[in-house]
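# What the coordinates show
Below, each chain spelled out in residue letters.
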Protein chains: 2
Amino acid sequence: MKRVRLQDVADRAGVSMKTVSNVIHDYLHVSPQMRARVQEAIDELGYKPNLLGRQLATGRSGLIRLAFVDISLPYFAELARAVSIAARPAGYRILLEETGATYDTERSLLQDTESGLFDGMLFQPSVMTSAQIAACRPDLPTVLLGEAAAPLTMDRVMIDNPAAAREITSHLIASGRRRIGFVGHEESGLSETSRQRLAGYQQALDDAGIQPDPSRLIATKSYDAMGAVTAVTQRLEAGLDVDALVCRDDLAAIGTLRALNHTGLSVPDDVAVTGWDDIKLSAVTFPSLTTVSPDVPVLATRALTLLTERIAGYDGMGRHEVVPHQIVVRESA
Amino acid sequence: MKRVRLQDVADRAGVSMKTVSNVIHDYLHVSPQMRARVQEAIDELGYKPNLLGRQLATGRSGLIRLAFVDISLPYFAELARAVSIAARPAGYRILLEETGATYDTERSLLQDTESGLFDGMLFQPSVMTSAQIAACRPDLPTVLLGEAAAPLTMDRVMIDNPAAAREITSHLIASGRRRIGFVGHEESGLSETSRQRLAGYQQALDDAGIQPDPSRLIATKSYDAMGAVTAVTQRLEAGLDVDALVCRDDLAAIGTLRALNHTGLSVPDDVAVTGWDDIKLSAVTFPSLTTVSPDVPVLATRALTLLTERIAGYDGMGRHEVVPHQIVVRESA
DNA sequence: GTCAATCTTTACAGCGCTATAATTTGCTCG
DNA sequence: CGAGCAAATTATAGCGCTGTAAAGATTGAC
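Residues numbered from 1 in each chain as written. Chains lettered and ligands numbered in written order. Predicted model: local features only at pLDDT ≥ 70, side-chain atom pairs only at ≥ 80, totals over all residues.

Looking only at helices and strands, chain A features 12 helices and 12 strands. For 333 residues, the compact-globule formula gives about 20 Å, and the C-alpha radius of gyration of chain A, at 25 Å, lies well above that figure. Summarising its shape, the C-alpha atoms of chain A cover approximately 85 × 40 × 35 Å along the three principal directions. Counting over 333 residues, chain A shows a buried share of 49%. Long-range pairs, those at least 24 residues apart, make up 70% of the contacts in chain A between residues at least 6 apart in sequence. (Helix = DSSP H or I, 4+ residues; strand = E, 2+ residues; numbered from the N terminus. Rg over C-alpha atoms; globule rule 2.2 N^0.38 Å. Buried ≥ 20, exposed ≤ 12 C-beta atoms within 10 Å, placed from the backbone. Contact = placed C-beta atoms within 7 Å.)

Rendered as structure tokens:
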């Protein structure tokens, strides 16, 4: 059983290839009887259009590259899902690419040695700076996600991190907490994400006239929850004095919950904890997490809109969009 | 700035297209000086091969479709990562597809109306039966993942579910538990996955001479952790009498932990809990989860090996491979 | 110095589809 | 009844690359 080509269908129906193509694409000007005749031939032969041929002819692949650190981090899995769902109506499929947070991988995304496969790219950088990205001058239409980096020439979608950090810290202060720490920033080489969240955290303390105390900043060695378990446990044993911990993300918060529980501290009675991202599991931990909830579907939709405009040829300066977030209050704070 | 084509490079170097192609592909018989000359032209023009053209010419896209229920379920996110990593050395990229566990979506995967885009497919069915899958006669080389369904004609890779369920239940029995329940199967229309895990659970009870008690089976309404929270809480309030709960997967276990904690029961002192999948977070919950750990990297590698053989033309009967698992003992049991 | 054998390079025909422009058919209307 | 216009259909030229087959260059053996 060999493959059926467009020409085979055309021969069978006794028409030209283009007419068959018109039927397949529901082109307006095809007479009903012709449409029926061609459809019959298609069905009889079991014809399935070959996407490779179509892609080459149109010059579009319908594929968008979605690149971020690691799909096994729940936030990114949920982001991937949202993007994938948002892309379907626009006729795009999503191809995932993990960077592993290495400079070389991120750079090779921007300076691809091959072309044609992707129509565009959504990229959440984690180690490259705006200047480095700008220097790469990617030739693929690209929209950046997140707060990490974005040259002026490129589009970017994110939430207002300092504001959200300030809000969630203020929430802790409003509930009477004063000795508030921060968990989950890098030990050295602070990322832009951590920087912005720390800034909002500090701002909230300032607003309340609380003197920020550097001894309440707990850096972690890795992005996963285990990094927070290790770091927080260690600092608790060293006599950390806090009544609340703002965590950089939900994974850090989950690790923090474990460290606190393990040490015999009760959440939120002894120490309140907040997360960030509102991953699905944050509603199911015990206690459930008060967290910053970015509007991921909107983020995905906006990013795709900007990207499709770029693909369509828009060539203006970078547009930087801020997407809404909210503070979801649960048991942990 | 228009796109550079192979012919442009050939013109610039004063050679034929094929020679340029040979240089790009490190073809054996190219003289060093020719290679240098062509490379120079490539660099000068900044030539990037267009994959669409290559794909059409070779008839291969290098794309493998990976389909399962939902990427936001941690097990699948980790599986996707493993497959993606295993695919790279073989020259394949992975395109994710979510089925949402609906029959129509699963069926449309098998009976695609388009062709050419994918070289093969890895598919973890969740609602289709073996017979339904067999009836579809997919024309794309396909390897099935998981225990749910697999016609005799198709390859499949999975772990030994009944054995693993039996082992983890026996572990509970060995630690003195007797009133052991099961959490997370469907309320109606038992899935093959649940069936096999329940079978192993029951077998272990039988082995120990314990009478299985249907009142200790707790079905859930959804696959996520919240489904388990609801179901377990409800049953606990209704007077459920257990000293251990075998959960269908880690998400159900995490939900179960919350329900138990919320009800004031201590894990593992009052009730031991086990999970399934060994997702990353299972090491960070409090208490951390004793769980069944499938060897996902091996699963991914074996599945891809079988798939590449199918793509290469292997046409034998379905091969059913069993991949190793182990019981990871942590705090919860 | 010649012939065969091997190494390099080339010419060109597709891969399967779409887009453009050209052509034919079907109507309306003066 | 034929001009004029719109609707329907076709012929054909690519899209950018690779594979095949064949030609040209080089080498070694005798």
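For the rest of this paragraph, the subject is the protein's contact with DNA strand D. Contacts to DNA strand D come from 25 residues, most closely from H29 and M34 of chain A together with L6, G53 and A57 of chain B. Listing elements by their share of the surface near DNA strand D, those giving two or more residues are helix 2 (17-24) and helix 4 (51-58) of chain A together with helix 2 (17-24) and helix 4 (51-58) of chain B. A total of five residues in the surface near DNA strand D trace back to one element, the largest contributor, which is helix 4 of chain B. The class makeup of the residues in the surface near DNA strand D is 11 nonpolar, nine polar and five charged. (Near = placed C-beta within 6 Å. Nonpolar A, V, L, I, M, F, W, Y, C, P; charged D, E, K, R; others polar.)

Taken residue by residue, the interface counts 43 residues in chain B and 44 residues in chain A. Elements that contribute at least two residues to the side of chain B that touches chain A include exactly helix 4, helix 5 (74-87), strand 2 (93-98), helix 10 (225-237) and helix 11 (250-262) of chain B. Taken together, the residues that form the side of chain B that touches chain A break down as 21 nonpolar, 13 polar and nine charged.

This part takes up the sheet that holds strand 12 (residues 325-328) of chain B. Residue and element names in this part refer to chain B. The strand order 7-6-8-9-10-12 describes an open sheet built from six strands, whose pairing is mixed. The sheet terminates laterally at strand 7 (217-220) and strand 12, the two strands that pair on one side only. Between one strand axis and the next, the sheet turns by 20° as a mean value, whatever way the strands run. Two strands pair when backbone bridges link them, and strand 9 (residues 272-276) and strand 10 (residues 290-294) are joined in this way by three bridges, in the parallel orientation. Note that in strand 10 the partner of W276 across the bridge is V292. (Pairing = 2+ DSSP bridges. Axes fitted to C-alpha atoms, helices over the stretch in contact; angles between N-to-C directions.)

With that settled, consider the relation of the copies chain B and chain A. You can overlay chain B on chain A at an RMSD of 0.1 Å; the transform is a turn of 180° with a shift of 0.0 Å along its axis. Considering both components of the superposition, the chain copies are consistent with a two-fold axis. When C-alpha positions in chain B are compared against the rotation axis, the closest is assigned to L95 of chain B, at 2.5 Å. A high fraction, 100%, of the interface residues of chain B reappear at the interface in chain A, so the copies pair face to face through one surface. (Least-squares fit on C-alpha atoms with pLDDT ≥ 70 in both.)

All right, on to the environment of D278 of chain B then. Residue and element names in this part refer to chain B. Relative to the helices and strands, D278 resides in the loop between strand 9 and strand 10. Take D278: there are 24 C-beta atoms within 10 Å of it, and that puts it in the buried class. D278 sits 204 residues away from P74 along the chain, and the two C-alpha atoms are 9.7 Å apart. With residues up to four places along the chain from it excluded, the contact list for D278 reads T291, V292, S293 and V328.

Domain parsing of chain A yields domain 1 (6-49), domain 2 (63-159 + 296-325) and domain 3 (161-294). For domain 1 of chain A versus domain 3 of chain A, the separation of C-alpha centres amounts to 62 Å. (Domains from an automatic or database assignment.)

All names here are of chain A. By the criterion of burial, strand 5 (residues 155-159) is predominantly enclosed, with five of the five residues buried. Neither face of strand 5 is left uncovered, since the one carrying D155, V157 and I159 and the one carrying R156 and M158 both have all their residues buried. With three bridges connecting them, strand 4 (residues 142-145) and strand 5 associate as parallel partners. Residue pairing across strands places L145 opposite V157, the latter belonging to strand 5.

Our next topic: the protein's contact with DNA strand C. Lining the immediate environment of DNA strand C, one finds 25 residues, of which L6, N50, G53 and A57 of chain A together with H29 of chain B sit closest. Per-element tally for the surface near DNA strand C: the top contributor is helix 4 of chain A, with five residues. In terms of residue class, the surface near DNA strand C is made up of 11 nonpolar, nine polar and five charged.

Here the focus is the nonpolar core. Within the largest apolar cluster, 184 residues are counted, with the highest numbers of intra-cluster contacts made by V83 of chain A together with V83 of chain B. With residues up to four places along the chain from it excluded, the contact list for V83 of chain B reads L66, I94, L122, A300 and L304 of chain B. (Core = buried A, V, L, I, M, F, W, Y, C linked by C-beta atoms within 7 Å.)

Residues and elements named next belong to chain A. Counted residue by residue, strand 10 (residues 290-294) has four buried out of five residues, so it is predominantly covered. One ladder, built from four bridges, connects strand 10 with strand 12 (residues 325-328); its direction is antiparallel. Residue pairing in the sheet places S293 in a bridge with Q326 of strand 12.

All names here are of chain A. Note that the residue after V267, namely P268, is joined by a cis bond; omega there is 5°. Within the secondary structure layout, P268 lies in the loop between helix 11 (250-263) and strand 9 (272-276). In this model, F286 is joined to P287 through a cis peptide bond whose omega is -5°. One non-glycine residue, D26, lies in positive phi territory at about 55°. Its 8 C-beta neighbours within 10 Å are what place D26 among the exposed residues.

Attention shifts here to the environment of L245 of chain A. All names here are of chain A. Mapping L245 onto the fold places it in strand 8 (residues 244-247). Along the primary structure L245 and P214 are separated by 31 residues, whereas in three dimensions their C-alpha atoms are 13 Å apart. Setting aside residues up to four positions removed in sequence, L245 forms contacts with G181, V183, T256, V271 and V273.

Attention now goes to the packing of helix 1 (residues 6-13) of chain B against helix 2 of chain B. Two quantities define a packed helix pair, namely the angle between the helix axes and the distance between the axes. Residue and element names in this part refer to chain B. Contact geometry of helix 1 with helix 2 gives a least axis separation of 8 Å together with a crossing angle of 105°. In terms of their interaxial angle, helix 1 and helix 2 are classed as roughly perpendicular. Note on element contacts: helix 2 touches helix 1 through M17, V20 and S21, opposite L6, Q7, V9, A10 and A13. In terms of residue class, the contact of helix 1 with helix 2 is built from six nonpolar, two polar and no charged. (Parallel < 35°, antiparallel > 145°, perpendicular 65-115°, else oblique.)

This paragraph deals with helix 10 (residues 225-237) of chain A. Residues and elements named next belong to chain A. Here helix 10 spans 18 Å end to end across 13 residues, near enough to the 18 Å set by a 1.5 Å rise per residue. Burial in helix 10 covers these residues: A225, G227, A228, V229, A231, V232, R235 and L236. Where helix 10 is buried, its residues meet strand 6 (180-186), strand 7 (217-220), strand 8 and helix 11. (Expected span 1.5 Å × (residues − 1).)

Bringing the sheet that holds strand 8 of chain A into the picture now. Hydrogen bonds between backbone groups are what pair the strands of a sheet, and the pairing can be parallel or antiparallel. All names here are of chain A. What the six strands build is an open sheet, ordered 7-6-8-9-10-12; its pairing is mixed. A strand with exactly one partner marks an edge of an open sheet, and here the two such strands are strand 7 and strand 12. Adjacent strand axes in the sheet meet at a mean angle of 20° when their direction is disregarded. Strand direction decides the pairing type here: strand 6 and strand 8, joined by four bridges, are parallel.

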